[in-house]
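Residue-level structure breakdown
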Amino acid sequence: MRKTRNHPFLAHALACVVMLFPLSTAAQDPTRPASLQPQGPAVNLSYMDRTVRAGDDFYQYADGDWIRRTEIPADREATSPALPLADETDKRVAGLIAEAAKRGAPAGDKSRKIADLYHSFMDEASIEAKGLKPLQPHLDAVAAIHNERELARALGETLRADVDALNNTNFHTPNLFGLWVAPGFNEVEHYTAYLMQGGLQLPDREYYLSDSVAMRDIRSKYQAHIAMMMKFAGFNDTETRAARVVALEHAIAEKHISLAENDDIQKANNTWTQDDFAVKAPGLDWAEYFRGAGLTKQKSFIVWQPTAFTGESGLVASTSLETWKDWLAYHLIESHAIALPKAFSDEHFAFFGKILSGTPEERARWKRGVDLVSAFLGDDVGQLYAKRYFPPESKAEVEAMVTNIKAAFRRRIDGLSWMNPATKAEAQAKLDTLYVGVGYGESWHDYSNYEVNADDLFGNLWRARLSEYHRQVARLGTSIDRKEWSMTPQTINAVNLPLQNALNFPAGILQPPFFDPQAPAAANYGSIGAVIGHEISHTFDNLGSSFDSKGRVRNWWTPEDLAHFEAATARLAAQYDKYKPFPDLALNGKQTLGENIADLGGLAAAYDAYHASLAGQAASAREGLSGDQQFFLAFAQNWAEKDRDAALREQVLTDGHSPGRYRALEVRNVDAWYASFEVQAGEKLYLAPTDRVRIW
Ligand SMILES: [Zn+2]
């Protein structure tokens, strides 16, 4: 799924690896009892537009009528047919929170913490009454910085575990740098410290460097927004300060590497000892930085983007102390806007919601409260969710589908004419050791070090980020848990964790419209089956193929096999480079390559598994559609979405996933699709058999 952007609760964007799904919807009363909408079969005839030919525009053919009649709710940047599921999930979690509150448990109890965290967000009167008070000591500390040593210390104190390169793929942190704790590239059995570039509030370097009219407009509005936020916080001369902050972020953006470059594991695998930083990235007082971050004992780090570290560290020395102090103060305000009086949170939404994503209205407060609880106590509430809403029959059925799709993958690997036996054996070994989690994890996160107070939203936000940071730092050097989940059960998404060689399919996505126990096999394999295949395929995409069966970075390919693989994937990248959502903006085939490979591999494996599931029986036609037609339509309907232009533009620039309408077009590379819909040469999507990209 696509990642959610500028999530106000996490300092970073929550990301997803499968596909996306838009965030939330119009206001609902959280106290209303939850009730599931009746769900039809996963192939939805009413979505189709049969006035176009499948071979000319398959996305429009499968989804055109749904697109025509669907309006994006005012509080969303995008929508999809999964919207009712998102709404229902919000209501269910709100219900669980309400039950937790009714229990009246003593302080420190899990249900009490859930209730108190939610209450602290809903108690707007208390937030207004406190005003700037909770933030002020932090602003005072910034104002008291007198020299570069103190600056380095303060920058170190901002470090949080808010980035994630390979699991939930999030390369964005507004702090100068971000920490990711994960199994080591070179020491896969232990948790290792990865450091990543950061320092920007806008989603990506392109927002600072692009010369397009749209981006210049966003930048000038951004500068006005900074001035406003600083004015609210009592600063004088805010126009000058805002200009300095934007100039500094622009300079930082110039040092950043691009999202497409971030995908190259070999370039990211740079081990620096603490002493190396002063030599390789002079400028910042690194000893003081690591002291501020509480990392003096950590001997070495993997530095993902060495050039950015050198560049950003240089900027610490070459930019005035006053500018850095303005930057620190503004970042403090922005990162805590949701826990400050209404003027701050409204202005935060006015820029990041309205201007950046084009969303006219903010989501209802109770829904944002639900998000907050899921973000900071996600497993505590998720444990309740899984018990209540995920039937064991669904778990068993999805596990059976996983087994079938893995088997289909296995046969595909065996059948590849171009691949050498040695490479095949390694690929099969990776499938053998792949851990597939369905519904929920085997253990739960422990939040006991996170202190929650019912009338202290600012403190709850501050401590949530800090206790997560401390939890991650405490894991450094310890043995990894390969079965640990990186998503909560209520998440409507799925993920591949390459360093653990593991997949997570949360309970949240194992429901209609993605999976419906009542739907025919063709529909389930075309929708959730292709999602399962997508995640398995990540194991073998351009990035996943860098890791072996134990999650080690190791080239297990023969040179000829690798050359063949790279040539095929380059053709897929070229295919996606040609799609243009806007006249001035095309997709970046390299930035979206891993996801496009996963979509293609997932579609092919799900198709095979669907046929295997028929066990020799003919597929039954429904409503005049053959089994294969249902399969491909379910696939394309999974990708139905409607986006606001600003949000779509942001996705194209900052996301590893192609927009849904182009993901649906992977069918062009599958022979069976041509036969199913009698697609002929001359139709717009037609590719000659030799032009169809075949990877797995
Ligand atoms: Zn993916």
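Computed from a predicted structure; not experimentally measured. (Residues numbered from 1 in each chain as written. Predicted model: local features only at pLDDT ≥ 70, side-chain atom pairs only at ≥ 80, totals over all residues. Heavy atoms only, no water.)

**Looking at the overall build of the chain**
Definition in use: A run of DSSP states H or I qualifies as a helix once it reaches four residues; a run of E qualifies as a strand once it reaches two. Both are numbered from the N-terminal end. We compute the radius of gyration from the C-alpha atoms alone; for a globule the expected value is 2.2 Å times N to the 0.38, where N is the number of residues. Three labels apply to residues, based on accessible area from a 1.4 Å probe with only protein chains included: buried if under 20% of the type maximum, exposed if over 50%, partly exposed otherwise in between. Whether two residues touch is decided by their heavy atoms; if any such pair falls within 4.5 Å, the residues are in contact. For the area figures, the Shrake-Rupley method with a 1.4 Å probe applies, and any residue is considered shielded solely by the protein chains shown.
Check the secondary structure of the chain and you find 28 helices and nine strands. Its C-alpha radius of gyration of 25 Å places the chain within 12% of the 26 Å reference for a compact globule of 696 residues. For the chain, the C-alpha atoms occupy an extent of roughly 75 × 60 × 50 Å along the three principal directions. Looking at the chain as a whole, 61% of its 696 residues are labelled buried. Long-range pairs, those at least 24 residues apart, make up 75% of the contacts in the chain between residues at least 6 apart in sequence. Carbon and sulfur atoms provide 52% of the accessible area of the chain, an area that totals close to 25,900 Å².

**A few points about the nonpolar core**
Rules: By nonpolar core is meant a set of buried Ala, Val, Leu, Ile, Met, Phe, Trp, Tyr and Cys residues that side-chain atoms within 4.5 Å join together.
F58, F632 and W696 are the most contacted members of the largest nonpolar core, which has 191 residues in total. Considering each element in turn, this core owes the most residues, nine residues, to helix α24 (residues 593-613). Setting aside anything within four residues of it in sequence, one finds F632 in contact with F58, L603, Y607, V667, V670, A672, W673, S676 and F677. Counting residues in each nonpolar core, the second largest holds 18 residues, with V163, I265, I302 and V553 among its members.

**Comments concerning helix α18 (residues 378-389)**
Short version of the rule: Working rule for helices: expected span equals 1.5 Å times residues minus one.
Between the first and last C-alpha of α18 there are 15 Å, a value that for twelve residues agrees with the 16 Å anticipated at 1.5 Å per step. Taken residue by residue, α18 has G378, D379, D380, V381, G382, Y385 and A386 as its buried positions. The elements touched by buried residues of α18 are α2 (83-103), α3 (110-122) and α17 (365-376).

**Regarding the side chain of Q490**
This is how it is decided: Residues adjacent in sequence count toward polar contacts only when both atoms are side-chain atoms; beyond that, a polar contact is any pair of N or O atoms within 3.5 Å, and within protein one must be able to donate a hydrogen and the other to accept it.
With respect to the helices and strands, the residue Q490 is situated in the loop between α21 (457-475) and β7 (495-497). Residue Q490 is classed as buried on the basis of its relative accessible area, which comes to 6%. In terms of polar contacts, Q490 uses its side chain to reach the side chain of S374, at 3.1 Å. Within the structure, the side chain of Q490 is placed 3.2 Å from the backbone oxygen of G378, a separation counted as a polar contact.

**Some points on the pattern of salt bridges**
Let me state the cut-off plainly: We count a salt bridge whenever a side-chain nitrogen from Lys or Arg sits within 4 Å of a carboxyl oxygen from Asp or Glu.
Tallying each qualifying case throughout the model produces 37 salt bridges. Between D211 and R216 there is a salt bridge, with its nearest N and O atoms 3.9 Å apart. Judged by its relative accessible area of 43%, R216 falls in the partly exposed class. Across the salt bridge formed by E362 and R368, the nearest N and O atoms sit 3.2 Å from each other. Owing to a relative accessible area of 12%, R368 belongs among the buried residues under this scheme. The network of salt bridges with common partners includes R149, R153, E157, E288 and R291.

**With respect to the environment of H445**
Along the chain, the position of H445 falls in the loop between β6 (435-439) and α21. Engagement of the side chain of H445 in a polar contact is seen with the side chain of R471, the distance being 3.2 Å.

**Examining the packing of helix α22 (residues 521-538) against helix α25 (residues 627-638)**
We count it as follows: The axes are straight lines fitted to the C-alpha atoms, using for helices just the contacting stretch, and the angles between their N-to-C directions are given from 0 to 180°. We call two directions roughly parallel when the angle between them is under 35 degrees, roughly antiparallel when it is over 145, roughly perpendicular when it lies between 65 and 115, and oblique otherwise. Crossings are classed by handedness, with left-handed meaning an anticlockwise turn of the near helix from the far one by less than a right angle and right-handed meaning a clockwise turn. Note on residue classes: Ala, Val, Leu, Ile, Met, Phe, Trp, Tyr, Cys and Pro are nonpolar, Asp, Glu, Lys and Arg are charged, and everything else, Gly too, is polar.
Two numbers describe how α22 lies on α25: the axes approach to 7 Å, and their chain directions differ by 40 degrees. By the angle between their directions, the pair α22 and α25 is classed as oblique. The two elements α22 and α25 cross, and the hand of that crossing is right-handed. Each of A522, A523, Y525, G526, S527, A530 and V531 in α22 lies in contact with α25, whose residues at this interface are G627, Q630, F631, A634, F635 and N638. Its residues placed into classes, the contact of α22 with α25 shows eight nonpolar, five polar and no charged.

**A closer look at the sheet that holds strand β8 (residues 502-506)**
Note the cut-off: Here a strand pair is declared whenever DSSP counts at least two bridges between the two strands.
Read from one edge to the other, the open sheet built from three strands follows the order β6-β8-β7, with strand pairing classed as mixed. At either margin of the open sheet sits one strand with a lone partner, and together these are β6 and β7. For this sheet the average axis-to-axis angle between neighbouring strands, irrespective of direction, equals 15 degrees. When β7 meets β8, the two strands line up antiparallel, connected through three bridges. Of the residues in β8, the one forming a bridge with N496 is L503.

**Focus on the pairing of β6**
Within β6, five of the five residues are buried, which leaves it mostly tucked inside the rest of the structure. By the bridge criterion, five bridges tie β6 to β8 in an arrangement that is parallel. Directly across from V436, in β8, lies its bridge partner L503.

**Some details on unusual backbone geometry**
Backbone torsion omega between P512 and P513 reads 5 degrees, so that peptide bond is classified as cis. Among the secondary structure elements, P513 is positioned in the loop between β8 and α22.

**Thoughts on the sheet that holds strand β4 (residues 271-273)**
Here four strands make up an open sheet; going across it, the order is β2-β3-β5-β4 and the pairing mixed. On the outer flanks of this sheet lie β2 (177-183) and β4, each paired with one strand and no other. Between one strand axis and the next, the sheet turns by 40 degrees as a mean value, whatever way the strands run. By the bridge criterion, three bridges tie β4 to strand β5 (residues 300-303) in an arrangement that is antiparallel. Within the sheet, the bridge partner assigned to W272 lies in β5 and is F301. The strands touched by helix α14 (residues 306-318) within the sheet are β2, β3 (191-197), β4 and β5, with β3 carrying the most contacts at an inclination of about 60 degrees.

**Describing the packing of aromatic side chains**
Heads up, the condition is: Stacked, edge-to-face and tilted are the three classes for Phe, Tyr and Trp ring pairs, Trp counted by its six-membered ring, which pair at centre distances within 6.5 Å; planes under 30 degrees apart are stacked, over 60 edge-to-face, the rest tilted. Throughout this description, the term charge over a ring refers to an Arg CZ or Lys NZ atom that lies within 6 Å of the ring centre and within 35 degrees of the ring normal.
Overall, the coordinates contain 52 aromatic pairs when judged by the stated rule. Consider the rings of Y576 and Y579, whose centres lie 5.0 Å apart with planes at 85 degrees: the pair is edge-to-face. We note that Y576, like Y579, is buried. Taken together, the ring pairs in this structure connect F177, W272, F277, W286, Y289, F290, F301 and F309 into an aromatic cluster. Between the NZ or CZ atom of R92 and the centre of the ring of Y389, over which it lies, the distance is 4.3 Å. Positioned above the aromatic ring of W639 is the side chain of R663, whose terminal nitrogen or guanidinium carbon lies 3.8 Å from the ring centre.

**Thoughts on the environment of G369**
For G369, the location among the structural elements is in helix α17. On the basis of relative accessibility, which here comes to 0%, the residue G369 falls in the buried class. Each C-alpha atom, one on G369 and one on A568, is 46 Å from the other, the two residues being 199 residues apart in sequence. Residues contacting G369, with those up to four places away along its chain left out, are Y118 and F121.

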